[in-house]
Amino acid sequence: MPEIKLAVFDIAGTTVEDNNAVAATFRKAFELYGYTVSDEDVKPLMGYKKPVAIKMMLEKMGVDADEDLVDDIYREFEMEMMDHYKNSPEVKPMPGAEEVLSQLKEKGIAITLNTGFSKKIADTIMERLQWLQQGLVDDYIASDEVEEGRPKPFMIQTLMKRAGLSDPKQVIKIGDTEVDVNEGRNAGCALVIAITTGAFNRDQLKPYSPDYIIDNLSELPAIIFDRG
């Protein structure tokens, strides 16, 4: 069994706590243009590249998802999220996140992050948390840096390439949504681990058959290091 060399973590809801700001901001951006969406409408779209999620929501509502409307709603979403991640006291590492990242690093596992956010938002989060400067994270990538975001495997594959890896069986994926799980599966990762700290609860994650479902990142090291 190949040794794990790379861990790919989702950001919001997995390693970063933000008090469900993503869904709330998504709804608010729609409301500014006269569209009302519920939490239940939004939840299945969490984890997707955000302009794609906006288009999917408009189409679900039977609205013509023309490029200008998608761009307008997305612009509101991005500005609000950047302000939130830059200034809100609610933004902080998920419980146990920094300790787990440090533990994995000590075992020689490269730590990377990926996200359905744009690079602008991802850069804002990383500047706020200073994880690169602290040496807790080696690399990160956003959905607008690849041809297609989740559930396509392109972000994971790009992180692998930048880490000098070619075997996905040396990679694990950890995230809180359906598309995190499917991204890991599509990339061929050795382990795909779902976590209940974000958009989906345990019952909502089970149908997508991750290898494990955890309730706290502190459970992760034992799973990795105790594997056959």
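Look above for the structure.
Residues numbered from 1 in each chain as written. Predicted model: local features only at pLDDT ≥ 70, side-chain atom pairs only at ≥ 80, totals over all residues. Heavy atoms only, no water.

Trainee: Got a minute to help me understand the sheet that holds strand S1 (residues 6-10) in this structure?
Mentor: Picture the strands of a sheet paired through backbone hydrogen bonds; they go either parallel or antiparallel. The parallel open sheet is built from six strands, whose spatial order is S5-S4-S1-S6-S7-S8. With one partner strand each, in any of the chains shown, strand S5 (139-142) and strand S8 (212-214) form the two edges of the open sheet. Recorded for the sheet is a direction-independent mean angle of 20 degrees between the axes of neighbouring strands. In this sheet, S5 lies alongside strand S4 (residues 110-115) in parallel orientation, the contact comprising four bridges. From the neighbouring strand, Leu 113 faces S5, where its bridge partner is Tyr 140. Each of S1, S4, S5 and strand S6 (171-175) touches helix H8 (residues 154-163); the most contacted strand, S5, lies at about 150 degrees to it. (Pairing = 2+ DSSP bridges. Helix = DSSP H or I, 4+ residues; strand = E, 2+ residues; numbered from the N terminus. Axes fitted to C-alpha atoms, helices over the stretch in contact; angles between N-to-C directions. Contact = heavy atoms within 4.5 Å.)

Trainee: Even after reading the chapter, I still don't get a negative patch on the surface, so can you show me in this structure?
Mentor: Together, Glu 59, Asp 64, Asp 66, Glu 67, Asp 68 and Asp 71 make up a negatively charged patch on the protein surface. Structurally, Asp 66 can be placed in the loop between helix H3 (50-60) and helix H4 (67-87). Judged by relative accessible area, which is 33%, Asp 66 ranks as partly exposed. (Patch = residues over 30% accessible without salt bridge, like charges linked within 9 Å, V, L, I, M, F, W, Y side chains within 5 Å. Areas by Shrake-Rupley, 256 points an atom, 1.4 Å probe, with all protein chains shown as cover. Salt bridge = Lys/Arg side-chain N within 4 Å of Asp/Glu carboxyl O. Lys, Arg positive; Asp, Glu negative; His and termini not counted. Charge placed at Lys NZ, Arg CZ, Asp CG, Glu CD. Buried < 20%, exposed > 50% of the residue type's maximum accessible area, 1.4 Å probe, protein only.)

Trainee: Looking at this model, I keep getting lost on the pairing of S1. Mind explaining?
Mentor: Here is the key point about a regular strand: its side chains alternate between the two faces of the sheet. Counting buried positions along S1 gives five out of five residues, so the element sits mostly inside the fold. Residues of S1 alternate between two faces, with Leu 6, Val 8 and Asp 10 on one and Ala 7 and Phe 9 on the opposite face, all of them buried. Both S1 and S4 contribute to a ladder of five bridges, which runs parallel. Considered in S4, the bridge of Val 8 is made with Thr 112.

Trainee: What's the story with the pattern of salt bridges in this structure? I'm lost.
Mentor: Where charged atoms of side chains with opposite charge meet at close range, the side chains can pair. Taken as a whole and judged by the stated rule, the model has 16 salt bridges. Residue Lys 28 is joined to Glu 80 by a salt bridge in which the shortest nitrogen-to-oxygen separation is 3.3 Å. Pair noted here: Lys 28 is in helix H1 (residues 21-31) and Glu 80 is in helix H4, with a separation of 52 residues, a long-range link. Of the charged contacts in the structure, one is a salt bridge between Arg 162 and Asp 139, with a shortest N-O distance of 2.9 Å. Residue Arg 162 is located in helix H8, and its partner Asp 139 is located in strand S5; the two are separated by 23 residues in the primary sequence.

Trainee: Can you walk me through the side chain of Lys 50 in this structure?
Mentor: Its location among the elements puts Lys 50 in helix H3. Buried and without a salt bridge, Lys 50 has Asp 10 as its closest oppositely charged side chain, separated by 7.4 Å. Engagement of the side chain of Lys 50 in a polar contact is seen with the backbone oxygen of Tyr 48, the distance being 3.0 Å. In contact with Lys 50, other than residues within four places in its own chain, are Val 22, Phe 26, Tyr 74, Phe 77, Gly 116 and Phe 117. (Polar contact = N/O pair within 3.5 Å; in protein donor to acceptor, adjacent residues only side chain to side chain.)

Trainee: For this particular structure, what's the right way to read the environment of Lys 49?
Mentor: With respect to the secondary-structure elements, Lys 49 resides in the loop between helix H2 (39-42) and H3. On the accessibility criterion, Lys 49 (18% relative accessible area) is buried.

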